[in-house]
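Report on the structure
The primary structure of each chain is shown beneath.
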Amino acid sequence: MTVQTVAVEPFDDQKPGTSGLRKKTRAFRRPHYLECFVQAIFDAIGGASGKTFVLGGDGRAFSPEAAQVILRMAAANGAARVIVGQGALLSTPAASHLIRKRGTDGGIILSASHNPGGEDGDFGVKFNTATGGPAPEPVTERIYAASRDLTDYRIMQTGDADLARLGTQAMGDMLIEVVDPVADYADLMENLFDFRAISALFQSGFRMRFDAMNAITGPYATEVLERRIGAPAGTVIRAVPLPDFGGAHPDPNPTWADTLMAEMMAPDGPDFGAASDGDGDRNMILGRGVYVSPSDSIAVLAANATLVPAYAAGLAGVARSMPTSAALDRVAAALDIECHETPTGWKFFSQLLDANRATLCGEESFGTGSNHVREKDGLWAVLMWLNILAERKESVREILEGHWRRFGRNYYSRHDYEALDAAVAERVVAGLRERLPTLAVQAIDGRTVVLADDFAYTDPVDGSVTPGQGLRIVFGDGARIILRKSGTGTEGATLRLYLERIVAGPDGLTEDAQEALAGIVALAEDLLRIKALSGRTGPDVIT
Ligand code: G1P
Ligand code: ZN
């Protein structure tokens, strides 16, 4: 087996976004493209020599080929061992857990998360560090710099590893250990939650539907919910991960999980519904006839966390991304714990989790998690809800409405304008940015603006400052309008408009969110003119 050094012209577009490098599958299939990015990762972390990595992903198209390339490159770069999920499969939270459990030097995750897959879809590569969390900004910056300076990459000339066979095999001096992708993760869940209480809930006739969206959570949810907890067979649907997710958009939201939505909104629907995304880190929570917004979900979980064995001793703190509603803040205030407001993206939570400044974290984008791993975790959130439902013996609707009565309700919605012309998106953002200083000193539509700025985050652990994280207009009554550009899209530019309004109660707590926010939506269009400037009649996705 010989190491081949391949001379290359570097690519100039390998800057990792909110969550790793995401491109069209076709772009990743171009000669040397994947190889250059992988070499940039190894170069950026001081080489792979003697190191151990975890490797796996959501099984989307190009994953099997990519895994073989990465193994050959790891071997050529001197890695000691790579622990691979059987079939190159690992959900993102399971990969994070494996990195931590085995004390590896990091891991490479093959996924573009909730983006569609297949030959016409997206592919992605993400590096996680030894903490199990996504590489922080300084590391992704180094990867980008290394990708631009690249002159060659190293790859072993050898045949494919057998990733179907559990156990250890050699590739040159490197060991490849193929492991069951589900077992360790399922054990972890069993340690965190009261499976017996959840089991009893199912035995009492509780009905659930889990939509795995033809993606990676299928095997995990089947093992945990059906085999270990004893939920009836068929509780998990679309349970087999497919390379193109069966043509579905593996994003668990009311738009893309519409069949599940319809089933849950029916009068005789199941008691509890949930869905997860391509790589298993997102979740959507539903009750019969009720949708739980992710911002409410993290607030409810925080308020009820001590009912769950793993969090019975209380929470060290909580954290949410800036655009996530402030529902969590009021729970934190009631519990008298810290509530951190971070930029979008899970990497900012890792530092807080490592320093034990936060125990639970959440994002409005269907991301919820805790200190058990360093990624958000879809199935974990579902089990949190199940454990709480089992303890409280109330329906999802009763828990949610009780929460609003106690804390007030943050009506919340995100409007996405997808694949806009990049220049148009920039005009919208630049237009608002220019006006921020004048907005900060006026009342708009009878509402006082108390803050109008471009969010900058100061990490409380290391003091580092991350500027430019989203434009926000905050009103005196707590209402907010936030605008930011997506960092995960692969086509044109996507604008995300986040809208929030607080109703303290006791009246007006159970209105339809879009209706309750209509005034704020109109105000946002007056200020931003997204529709006028883009020629669109409305958002593509509303969550
Ligand atoms: C989106 C979400 C963000 C999430 C990220 C990865 O990023 O908005 O909250 O962390 O996906 O799942 P965006 O496209 O907005 O940059
Ligand atoms: Zn994901």
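Cut-offs and rules
Within any chain, residue numbers begin from 1 and follow the written order of that chain's sequence. All chains are assigned letters beginning at A, and all ligands numbers beginning at 1, according to the order in which they are written. For a predicted model such as this one, the threshold for reporting local features is a pLDDT of at least 70, and the threshold for listing and counting side-chain atom pairs is 80 or more; totals across whole chains, interfaces and linings nevertheless cover every residue. To obtain the side-chain values, all non-hydrogen atoms of the structure were used and water was disregarded. Helix and strand assignments follow DSSP, with helices taken as H or I runs no shorter than four residues and strands as E runs no shorter than two, numbered in order from the N terminus. With the radius of gyration taken over C-alpha atoms, the globule rule is written as 2.2 Å times the number of residues to the power 0.38. Partly exposed residues are those whose accessible area sits between 20% and 50% of the maximum for their type, while under 20% is buried and over 50% is exposed, using a 1.4 Å probe and protein chains only. By definition, residues are in contact when any of their heavy atoms lie within 4.5 Å. The donor definition counts N, O and S atoms within 2.8 Å of each metal and applies 3.2 Å to Na, K and Ca; water is not among these atoms, so some sites may look incomplete. In short, tetrahedral needs four donors with all angles between 85 and 135 degrees, square planar needs four and octahedral six donors with opposite donors over 155 degrees apart and all other angles between 65 and 115, and whatever is left is irregular. The term nonpolar core refers to a set of buried residues drawn from Ala, Val, Leu, Ile, Met, Phe, Trp, Tyr and Cys, joined through side-chain atoms within 4.5 Å. Note on ring pairs: Phe, Tyr and Trp rings are taken, using the six-membered ring of Trp, and paired if centres are within 6.5 Å. Classes follow the plane angle, with under 30 degrees stacked, over 60 edge-to-face and the rest tilted. Cation placement over rings: the criterion is NZ of Lys or CZ of Arg within 6 Å of the ring centroid and within 35° of the ring normal.

**Looking at the overall build of the chain**
Counting its regular elements, the chain contains 18 helices and 27 strands. At 23 Å, the chain has a C-alpha radius of gyration in line with the 24 Å of a compact globule built from 543 residues. If one aligns the C-alpha atoms of the chain with their principal axes, the spans along those axes are about 75 × 60 × 40 Å. Across the 543 residues that make up the chain, the buried fraction comes to 59%. A fraction of 72% describes how many contacts in the chain between residues 6 or more apart in sequence connect residues 24 or more apart.

**A closer look at the coordination of the zinc ion (ligand 2)**
Reference values for coordination geometry: four tetrahedral donors around a metal ideally subtend 109.5 degrees, six octahedral donors ideally subtend 90 or 180 degrees. Protein coordination at the zinc ion (ligand 2): the donors are S113 (OG), D277 (OD), D279 (OD) and D281 (OD), at 2.0 to 2.1 Å from the metal. Here the zinc ion (ligand 2) binds four donor atoms, and the angle range of 85 to 160° at the metal identifies the geometry as irregular. The sequence motif formed by the donor residues of the zinc ion (ligand 2) is S-x163-D-x1-D-x1-D. In this pair, the class of D277 matches that of D279, namely buried.

**Comments concerning the nonpolar core**
Among the nonpolar cores identified, the biggest contains 77 residues, and L225, W380, L383 and L386 are the most heavily contacted of them. Per-element tally for this core: the top contributor is helix α13 (residues 378-392), with eleven residues. When neighbours within four sequence positions are excluded, W380 is seen to be in contact with Y185, M189, L192, F193, L301, Y311, L360, T368, G369, S370 and H372. L21, A44, F62 and M73 belong to the second largest nonpolar core, which has 51 residues in total.

**Digging into the packing of aromatic side chains**
If you walk through the whole model with that rule in mind, you get eleven aromatic pairs. Arranged with centres 5.4 Å apart and planes meeting at 90°, the rings of F28 and Y33 form a pair that is edge-to-face. An identical accessibility class is assigned to F28 and Y33; each is buried. Seen from their ring centres, W346 and F349 are 4.6 Å apart, and the 75° between their planes marks the pair as edge-to-face. Under the relative-accessibility criterion, F349 is labelled buried at 0%. Positioned over the ring face of Y144 is R148, at 3.9 Å from the centre of the ring. If you follow R447 out to its NZ or CZ, it ends over the ring of F475, 5.8 Å from the centre.

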